[in-house]
Amino acid sequence: MDEKTVYWNHDTGSINLIEQTALPADYRTVNCKTIERLAEAIRRLEVRGAPALGVAGAFGVALSASLHDDSNMDSFLRLVREDAEYLNSTRPTAVNLSWGINRVYESIKDSSSPKEAAEIALHEAESIAAEDEMMCRKIGETGAKFLPEECTVLTHCNAGALACYTWGTALGVIRSAVEAGKNVSVISCETRPLNQGSRLTAWELSRDNIPVKTITDSCAAFLMKRGEIDAVVVGADRITHDAVFNKIGTYMHAVCAKHHDIPFYVAAPTSTFDAKLSEKDVVIEERDRSELAKCGERLLIPDSVDVLNYAFDSTPVELVSAIFTEKGAIRAPYSVKEILQLKVSI
Ligand code: MRU
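Here the structure is a predicted model, which means the values were calculated and not measured. (Residues numbered from 1 in each chain as written. Predicted model: local features only at pLDDT ≥ 70, side-chain atom pairs only at ≥ 80, totals over all residues. Heavy atoms only, no water.)

(A) Here's a closer look at the domain arrangement of the chain. Considered domain by domain, the chain is made up of domain 1 (6–137) and domain 2 (140–341). Look at where the C-alpha atoms of domain 1 and domain 2 centre, and you get two points 25 Å apart. Contacts between domain 1 and domain 2 engage 30 residues on the former and 35 residues on the latter. Here domain 1 and domain 2 share an interface that buries about 2,800 Å² over both sides, 57% of which is from carbon and sulfur atoms. Remark: the boundary between domain 1 and domain 2 carries 1 salt bridge. Residue Glu-285 is joined to Arg-91 by a salt bridge in which the shortest nitrogen-to-oxygen separation is 2.9 Å. Along the contact surface separating domain 1 from domain 2 lie 18 residue pairs in polar contact (both at pLDDT 80 or more). When contributions to the side of domain 1 that touches domain 2 are tallied by element, the ones reaching two or more residues are strand S1 (6–9), helix H2 (50–67), helix H4 (95–108) and helix H5 (114–144). For the side of domain 1 that touches domain 2, the residue count by class is 19 nonpolar, 5 polar and 6 charged. (Domains from an automatic or database assignment. Contact = heavy atoms within 4.5 Å. Buried area = accessible area lost by both parts, 1.4 Å probe. Salt bridge = Lys/Arg side-chain N within 4 Å of Asp/Glu carboxyl O. Polar contact = N/O pair within 3.5 Å; in protein donor to acceptor, adjacent residues only side chain to side chain. Helix = DSSP H or I, 4+ residues; strand = E, 2+ residues; numbered from the N terminus. Nonpolar A, V, L, I, M, F, W, Y, C, P; charged D, E, K, R; others polar.)

(B) Structural context of the sheet that holds S1. One open sheet accounts for 3 strands, arranged S1-S2-S3; its pairing is antiparallel. Edge positions in the open sheet fall to S1 and strand S3 (29–32), since each of these has one partner strand only. Taken over all neighbouring pairs, the strand axes of this sheet differ in orientation by 30° on average, direction set aside. Sheet analysis places S1 next to strand S2 (residues 14–18), joined by 4 bridges and oriented antiparallel. In the strand pairing of S2, Tyr-7 is matched with Asn-16. (Pairing = 2+ DSSP bridges. Axes fitted to C-alpha atoms, helices over the stretch in contact; angles between N-to-C directions.)

Right under this line is the structure:
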């Protein structure tokens, strides 16, 4: 994909992003001129995926800095901080959102004027975006070496170009393997209820002419049992010292992969690591019942029945064969201490 998922529009001085809820039927870009509109885009998943949220949050702070022109630096920083906290409250599980927001906010704290702060913030946000592309390329090169010359890879959700600035983490591994001449085909799990797999992963891979088939999430174990999956590669929203958080359903694939002796790989930049936390500390986002209970106008669940709509789950690191980062691969078996040490060396 040549387009960037989220970027600064220098003509309008605001944020452009690919509107992902409209895909695959309609490809369009939306322009966010206010913090409220950006927050809405994040909540509605118009922009989504951990690294893309990091970039969106970073540009959000740059946007905020450009919108407040209070000459008093203390009150300027307070207003930007409020916007940053508001953006940070939109989605709780992916650590990259707060990482991108904090990195840009920290960069402007010693600025001498709001004008200077706005310039520094934009520069920092653009650096985060450029670094994200470089990191994805490196993650891809590292992970590609782990895939056989000819293989079928199962992936869940969308950890592709649309989930990052470009290229992707899990799909970056697949793109790099194809670029290196490997014959890779992909099984993309539909990823109920918002269908990031069937709508986004299938869309991006087919545009790149990478062979892809979509399955229902519940078909994965059956294909593994039939020997039709050689590896699983997924992205991550947060990696604590003991678990990998990713789209709901990922844990189920990890358990099934272990049972069938299939390698289960995670591809993520080190900005996704949050090694000081444990599995139990992380807030799992719960989304609206309408995502499960309705398909268009059609009712799928009786109004009287409650739903549990967790957007993410956690996979213990013991089930992960290797984690591909921009600094190389971290291989199993891990211990808590090793992961913490790796985080320090990372
Ligand atoms: O709810 P989403 O679509 O933001 O969830 C995205 C995922 O779970 C991705 O797999 C994860 O963010 C990794 S993206 C490189």
